[in-house]
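A look at the structure
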Amino acid sequence: MSLATVTVATEPPYPVRIGPAALEALPNAVASADRVALLADERVLDLHGASLAALGEVPTLAIGGGEDAKTLGKLGAVLEFLAAAGLARSSTLITFGGGTLADLGGLAASLFKRGMQVVHAPTTLLAQVDASVGGKTAINLSAGKNLAGTFHQPAEVLCDTSTLATLPAAERASGLGEVVKTALIGGEADLALLEAQADGLLAGDAAALAATVTSCVTVKARVVACDPTERGPRRGLNLGHTFAHAIEHVAGYGAVPHGVAVAAGIGLALRASAELGLLTDPALEARIRALLERLGLPADLSALRQSSGLALPVDELMAGFAHDKKGAVGRPEFVLVSGAGALELGVTLEVDLLQSLLA
Ligand code: GLY
């Protein structure tokens, strides 16, 4: 299967190469760097390190993945590692792992010597379809998720879909939540493609994975190119995320995989959209619920409470919105939906409606 290439038309533009064996393009992606260093998820390095052999010996920092990677302490460790490895602005850091590695490594690269290049080699579905494309970087603070970060576009992204074969089931489910979000944002054709690929995705079919990652990256590249720093339309990519961040805050970071919280958040955003009479196609809510359920994802809070065994109390979720970084202080903002590919941005919801949605 040959590689697909999607160009993110930022200034400068960069390629996202997608398909099995995309990692073979890594030496070429870093060819202009005077030095190269690797920030890797230690588990991914064990499983797939052999795919990096063509790089030769490079300074490597292997750390645990997951939200535990996104701390001030880990950021400091990565910066010290870059300095100890003798890197310059003209060097390149490669991140190899899930979205948390891309978030952490991207942030470190944006800070080190006021900015060096980063190439992402994402190995989870979530990182391939979302986190590694678009230049968002972040760590978490005790007050909330992703509260400290920058925009720092990568020089190249290599989505090697063969690495998805070893994904733990929870990681795959997490990626599928972002896949549904992206297809809904993309519009009818992306949604229909995902519905057609759903069984193949669940079976880990290589062609279905490559087609889905390519379609999601194409949607994301389009949005990022017209709004790289999230002043306008890019805010639509936060569909389901205001709910998801409150859920993750209440559950404790890492207790509910991000994309699983996003799935419940999409269901809640659609319910709110229906309650406010925004849906031009009333069948859309049931259609997305059916797709989420088919992919093994929770379409609402009761399903999430049941599958996670967490209570997720309404008052704690309401308080959790205070940690959202997108809206004004005390006024969380939501992305709602009027149709496939049609969003309403910056919507504030009445407290009564929010409480009934979260019950
Ligand atoms: N994950 C949403 C964005 O990149 O804007």
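Refer to the structure printed above.
First things first, this report covers the structure right here in the doc. (Residues numbered from 1 in each chain as written. Predicted model: local features only at pLDDT ≥ 70, side-chain atom pairs only at ≥ 80, totals over all residues. Heavy atoms only, no water.)

**Description of the overall build of the protein chain**
Within the protein chain, the secondary structure is distributed over 14 helices and 11 strands. The globule rule puts the C-alpha radius of gyration for 359 residues at 21 Å, and the 19 Å found for the protein chain is close to it. With the C-alpha coordinates of the protein chain rotated into their principal frame, the extents come out at 55 × 40 × 40 Å. Put simply, the protein chain has 25 plus and 36 minus side-chain charges, and the middle of one group is 5 Å from the middle of the other. (Helix = DSSP H or I, 4+ residues; strand = E, 2+ residues; numbered from the N terminus. Rg over C-alpha atoms; globule rule 2.2 N^0.38 Å. Lys, Arg positive; Asp, Glu negative; His and termini not counted. Charge placed at Lys NZ, Arg CZ, Asp CG, Glu CD.)

**Quick notes on the packing of aromatic side chains**
Applying the stated criterion to the full structure yields 3 aromatic pairs. Look at Phe 243 and Phe 321: their rings are 6.0 Å apart centre to centre, the planes differ by 70 degrees, and that puts the pair in the edge-to-face class. Of this pair, Phe 243 sits in helix H9 (residues 241-251) while Phe 321 is found in the loop between helix H13 (314-320) and strand S10 (334-339), placing the two residues 78 residues apart along the sequence. The class of Phe 243 is buried, set by a relative accessible area of 2%. By relative accessible area, Phe 321 is classed as buried at 5%. Ring plane angle 45 degrees and centroid distance 4.7 Å describe the contact between Phe 243 and Phe 334, whose orientation is recorded as tilted. (Phe/Tyr/Trp six-rings, centres within 6.5 Å; stacked < 30°, edge-to-face > 60°. Buried < 20%, exposed > 50% of the residue type's maximum accessible area, 1.4 Å probe, protein only.)

**Section: H9**
Of all 11 residues that make up H9, 10 are buried, and the element is covered over most of its length. When we look at burial in H9, the residues that qualify are His 241, Thr 242, Phe 243, Ala 244, His 245, Ala 246, Ile 247, Glu 248, Val 250 and Ala 251. In the stretch just after H9, Gly 252 is the one whose phi turns positive, near 95 degrees.

**What to know about unusual backbone geometry**
Across the junction of Glu 11 and Pro 12, the peptide omega takes the value 0 degrees, indicating a cis bond. Mapped onto the elements, Pro 12 comes out in the loop between strand S1 (4-8) and strand S2 (14-19). Non-glycine residue Arg 114 carries a positive phi angle of around 65 degrees. For Arg 114, the location among the structural elements is in the loop between helix H4 (99-111) and strand S6 (117-122). Despite not being glycine, Asn 146 has its phi angle at roughly 55 degrees, a positive value. Tracing the backbone through its elements, the reader meets Asn 146 in strand S8 (residues 144-151).

**Details of the pairing of strand S11 (residues 342-347)**
Walk down a regular strand and you will see the side chains alternate between the two sheet faces. Across 4 bridges, the pairing between S10 and S11 is antiparallel. Paired with Val 337 across the bridge in S11 is Leu 343. Connecting S10 to the antiparallel partner S11 that follows it, the hairpin turn spans 2 residues, and Gly 341 within it adopts a positive phi of roughly 80 degrees. (Pairing = 2+ DSSP bridges.)

**A closer look at the sheet that holds S6**
Spatial ordering of the open sheet is given by S1-S2-S9-S6-S5-S3-S4, a layout of 7 strands whose pairing is mixed. Since the sheet does not close on itself, it has two edges, and those belong to S1 and strand S4 (60-63), each with one partner. Neighbour to neighbour, the strand axes of the sheet diverge by 15 degrees on average, direction disregarded. Where S2 lies against strand S9 (residues 156-160), 4 bridges are found, and the strand directions are parallel. Bridging across to S9, Val 16 finds its partner in Val 157. Sheet strands in contact with H4 are strand S3 (36-41), S4, strand S5 (92-97) and S6, and its direction is about 165 degrees off that of S5. Relative to S1, helix H8 (residues 206-226) is tilted by about 15 degrees, and along the sheet it contacts S1, S2 and S9. (Axes fitted to C-alpha atoms, helices over the stretch in contact; angles between N-to-C directions. Contact = heavy atoms within 4.5 Å.)

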